[in-house]
Amino acid sequence: MRKVIAIGETVLDIIFRNNQPIQAVPGGSAFNAIISLGRAGVPAVFIGEAGNDRIGQNVKQYLTDNGVDASNVNIFPNSKSPISLAFLDNDNNAEYIFYKDHQHDQLDFVYPEVNPDDVVLFGSFFAINPVVRPQVFGFLDYARQHGAIIYYDVNYRASHQNDLMKITPNLLENYEMADIVRGSDEDFRIMYRKDDCDSIYRSEISFYTKKFIYTRGAKPVEVRADGGFVKQYAVPPTTTVSTIGAGDNFNAGFVYGLMRYGITRYHIEQGLTEQQWDQLMACAQAFSANCCQSLSNCIDTDFANKMHF
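Note that the structure is predicted; figures quoted are calculated from it, not measured.

A. Examining the environment of G38 more closely. Turning to its location among the elements, G38 is positioned in helix α1 (residues 29-39). As for G38 and A148, which are separated by 110 residues in sequence, their C-alpha atoms are 18 Å apart. Filtering out sequence-adjacent residues up to four positions away, G38 remains in contact with A44, N66, G67 and V68.

B. Fine view of the sheet that holds strand β8 (residues 119-123). Spatial strand order, β5-β4-β1-β8-β9-β10-β11-β12-β13: nine strands in an open sheet with mixed pairing. Among the strands making up the open sheet, the edge pair consists of β5 (68-75) and β13 (229-233). The mean angle between the axes of side-by-side strands here comes to 15 degrees, regardless of whether they run parallel or antiparallel. Bridge count for strand β10 (residues 180-184) against strand β11 (residues 211-216) is five bridges, and the pairing is parallel. The partner of V181 across the bridge, within β11, is F212. Relative to strand β4 (residues 44-50), α1 is tilted by about 145 degrees, and along the sheet it contacts β1 (4-7), β4, β5, β8 and β9 (149-153). Running over the sheet, helix α2 (residues 54-65) touches β4 and β5 and is turned about 160 degrees from β5.

C. Quick peek at the packing of aromatic side chains. Evaluation of the coordinates by the stated rule reveals 22 aromatic pairs. The rings of F122, Y152, Y175, F207 and Y208 are connected pair by pair, giving a single aromatic cluster.

D. Focus on the side chain of R133. Mapped onto the elements, R133 comes out in helix α3 (residues 133-145). By relative accessible area, R133 is classed as buried at 8%. Not counting chain neighbours up to four residues away, the residues in contact with R133 comprise A127, G138, N170, E173 and N174.

E. Representation of the nonpolar core. Core analysis: the largest hydrophobic core is formed by 52 residues, its most contacted members being I34, F46, L63, I213, F254 and W277. Counting residues per element, this core draws most heavily on helix α7 (residues 246-260), which supplies seven residues. Contact partners of L63, with chain neighbours within four places excluded, come to F31, I34, I35, F46, V68, A70 and V73. By size, the runner-up hydrophobic cluster in this structure holds 40 residues, among which are V114, L171, C197 and I205.

The rules behind these values
Residues numbered from 1 in each chain as written. Predicted model: local features only at pLDDT ≥ 70, side-chain atom pairs only at ≥ 80, totals over all residues. Heavy atoms only, no water. Helix = DSSP H or I, 4+ residues; strand = E, 2+ residues; numbered from the N terminus. Contact = heavy atoms within 4.5 Å. Pairing = 2+ DSSP bridges. Axes fitted to C-alpha atoms, helices over the stretch in contact; angles between N-to-C directions. Phe/Tyr/Trp six-rings, centres within 6.5 Å; stacked < 30°, edge-to-face > 60°. Buried < 20%, exposed > 50% of the residue type's maximum accessible area, 1.4 Å probe, protein only. Core = buried A, V, L, I, M, F, W, Y, C linked by side-chain atoms within 4.5 Å.

Structure, rendered in structure tokens:
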């Protein structure tokens, strides 16, 4: 049976509205996506690390409770769990402050079994962090050699703008390794000072990988792919409670679509059809929209139960 393997950081997200805390929930970019996939019944594995504290214990239990294999989450002695403060504005978009015990950044794990057509999902600064880069790249290379589909979410925050030159080689390696790259208009404005999808695709992406998804919040999603495929997908109107995790759950929905509709590495290498893109984008947008209707960073259990297949 195919499975999804996510690799990334774990944090405790403390969410504020009007400068008052209203929710605390385990989070992280790949983490949010794998929780939603686990809830939807997709066989799921998470690789990462957590602090040797109460938060870290809760993170591992949260994974297990949501159907995700947490055996590849390492807890190092004397480490503290990272914390993210997310301040929601009037549009329910978040501004972040991160607190992390960087001296304990180290990734030490036994590779989970990877089979052909499994999906590996990764992204954010974790994916290009020089401190854990050897381990991340080693696993991606291993997964690729074993026939996995690699999905990369750029997810580059403004807080790392000054690190851009240092991490560019890792970023380009990720583009080259990935079968599918997704990035937001915010990511590419920070990195390249560009906000035109065609320009970004031609100058930054297409040399490395041909399948590119460009998200723009409530504006239509743009897709560019091999064979000259170009399409826009309108974002359905959604009443948002919080946009935290919207992009992460877009990723989860897309990967869910790969599994639900039996899309394999063969299909990706041959070039996805318009019908396949339509199916994948419908799943991605449905997951993202549902996530925005709560403070949990992921899809709710009612929606997840409907998506079981």
